[in-house]
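# Tertiary structure, described
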Amino acid sequence: VFWVGTEPEVTEERATKVPQKLPPLPLVVNGRLAKVEEVDRYRFAVPKDGPVTLDVFARRLGVNMNAALTVR
């Protein structure tokens, strides 16, 4: 199963200890998990007006995982 979208796409940078800086929204981030305890971190800026929606598509793509999404 694969997903075809219309937004710009960014692939997760591997082996980094600092949050990956993302380009302007809207966009799609493709991440990969190598270990159960792996944590991916991203940094992005948002406009001062309007909502921002974040979504994890893993289960919809057939990936058996429990994801947690935290925004600070």
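Quick caveat, the model's predicted, so the values are computed rather than measured.

### Things to note about the overall build of the chain
Within the chain, the regular secondary structure consists of zero helices and four strands. The linear arrangement of helices and strands in the chain, starting from the amino end, is β-β-β-β. With the C-alpha coordinates of the chain rotated into their principal frame, the extents come out at 35 × 30 × 20 Å. Sequence-distant contacts in the chain: of pairs separated by 6 or more residues, those separated by 24 or more amount to 17%. For the chain, the exposed surface amounts to about 6800 Å²; the carbon and sulfur share of it is 55%. In the chain, 11 positive and 9 negative side-chain charges are present, and the distance between their average locations comes to 6 Å.

### Side note on the side chain of glutamate 12
Note that glutamate 12 resides in the loop between strand E1 (9-11) and strand E2 (20-21). The exposure class assigned to glutamate 12 is buried, which follows from its relative accessible area of 8%. Only 2.8 Å separates the side chain of glutamate 12 from the side chain of arginine 14, close enough to count as a polar contact. If sequence neighbours within four positions are ignored, glutamate 12 has contacts with Gln20, Asn30, Gly31, Arg32, Glu38, Asp40 and Tyr42.

### Regarding unusual backbone geometry
Following leucine 25, the chain continues to proline 26 via a peptide bond in cis, the omega torsion being 5°. Examined against the element boundaries, proline 26 turns out to sit in the loop between E2 and strand E3 (28-30).

What counts, and at which threshold
- Residues numbered from 1 in each chain as written.
- Predicted model: local features only at pLDDT ≥ 70, side-chain atom pairs only at ≥ 80, totals over all residues.
- Heavy atoms only, no water.
- Helix = DSSP H or I, 4+ residues; strand = E, 2+ residues; numbered from the N terminus.
- Contact = heavy atoms within 4.5 Å.
- Areas by Shrake-Rupley, 256 points an atom, 1.4 Å probe, with all protein chains shown as cover.
- Lys, Arg positive; Asp, Glu negative; His and termini not counted.
- Charge placed at Lys NZ, Arg CZ, Asp CG, Glu CD.
- Buried < 20%, exposed > 50% of the residue type's maximum accessible area, 1.4 Å probe, protein only.
- Polar contact = N/O pair within 3.5 Å; in protein donor to acceptor, adjacent residues only side chain to side chain.

By themselves, these are just geometric observations and shouldn't be taken as functional.
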